[in-house]
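Architecture and fold: a report
Listed below are the residues making up each chain.
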Amino acid sequence: KQEVTQIPAALSVPEGENLVLNCSFTDSAIYNLQWFRQDPGKGLTSLLLIQSSQREQTSGRLNASLDKSSGRSTLYIAASQPGDSATYLCAVRQNQGGKLIFGQGTELSVKP
Amino acid sequence: GAVVSQHPSWVICKSGTSVKIECRSLDFQATTMFWYRQFPKQSLMLMATSNEGSKATYEQGVEKDKFLINHASLTLSTLTVTSAHPEDSSFYICSAFPGQGIKNGGYTFGSGTRLTVV
């Protein structure tokens, strides 16, 4: 059974810092991995999607990496801003069109 | 593109009543939609997979008679919480997969529905 774990559960950093969020999964046979952002009381916004054949994806200040063999993904946020404060969730999909399995999320707070 | 609209965004209902939540794919057809539940400070837990034109598939431990799912068209799935009780108070989110032809190719989520049962 696939299990997804995110560390740390919460993180507080001063504005401008670079930071890394971690995601690990127990079954390396995934179809893809997706990182989401969730603001309090809101739905999910997709940030980056990495296919199983890819090693990383970048969008602006965000960079997500995937090491399938070790069951790990990281989300790197450069030059953090207060507006980055949110909960970040990673989720894996085992097959095309299959369900997403979520980690518990990392609650990020960027202090001005 | 690939927008999922969910309504209502919040609802308060009395214990024992039923509440219907709608999930619409606005610019794509979704043969499959997913319904999640999220308690405060916790992650999303899949409740059921909604399949257009057929019965939904429920995850273990989810009462199918309490959480009725209807997916009558390729753009609309509904979740009805029947005889709601305070313990059903939660944040419900739907999602759909637009297909590989859509940019990004990942799942798109609705904005969620905050249900409070009093």
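A brief structural summary. (Residues numbered from 1 in each chain as written. Chains lettered and ligands numbered in written order. Predicted model: local features only at pLDDT ≥ 70, side-chain atom pairs only at ≥ 80, totals over all residues. Heavy atoms only, no water.)

1. Structural notes on the pattern of salt bridges
All names here are of chain B.
- For the structure on display, the rule yields six salt bridges over all chains.
- Lys66 is the salt-bridge partner of Asp88, the closest N and O atoms lying 2.9 Å from each other. Here the residue Asp88 occupies a position in the loop between β8 (76–81) and β9 (90–96), and Lys66 occupies one in the loop between β6 (57–58) and β7 (67–73), the gap between them amounting to 22 residues. Taken as a pair, Asp88 and Lys66 share a single burial class, namely buried. (Salt bridge = Lys/Arg side-chain N within 4 Å of Asp/Glu carboxyl O. Helix = DSSP H or I, 4+ residues; strand = E, 2+ residues; numbered from the N terminus. Buried < 20%, exposed > 50% of the residue type's maximum accessible area, 1.4 Å probe, protein only.)

2. A few points about the interface of chain A and chain B
- Listed per partner, the contact involves 22 residues of chain A and 20 residues of chain B.
- Between chain A and chain B the total buried area reaches about 1,600 Å² when both faces are included, carbon and sulfur atoms providing 51% of it.
- Broken down residue by residue, the surface that chain A buries against chain B is led by Leu44, Lys99 and Phe102 of chain A, which jointly contribute 27%.
- With a closest N to O distance of 2.8 Å, Lys99 of chain A and Glu59 of chain B form a salt bridge.
- Taken together, the connections running from chain A to chain B amount to six residue pairs in polar contact (both at pLDDT 80 or more).
- By residue number, the principal contributor to the side of chain A that touches chain B is strand β5 (residues 44–51) of chain A, which donates four residues.
- Of the residues in the side of chain A that touches chain B, the class split is seven nonpolar, eleven polar and four charged. (Contact = heavy atoms within 4.5 Å. Buried area = accessible area lost by both parts, 1.4 Å probe. Polar contact = N/O pair within 3.5 Å; in protein donor to acceptor, adjacent residues only side chain to side chain. Nonpolar A, V, L, I, M, F, W, Y, C, P; charged D, E, K, R; others polar.)

3. Digging into a nonpolar patch on the surface
- A contiguous nonpolar surface patch, about 370 Å² in accessible area, is contributed by Trp10, Ile12 and Val118 of chain B.
- In this structure, Val118 of chain B sits in the segment after β11 (113–117). (Patch = residues over 30% accessible without salt bridge, like charges linked within 9 Å, V, L, I, M, F, W, Y side chains within 5 Å. Areas by Shrake-Rupley, 256 points an atom, 1.4 Å probe, with all protein chains shown as cover.)

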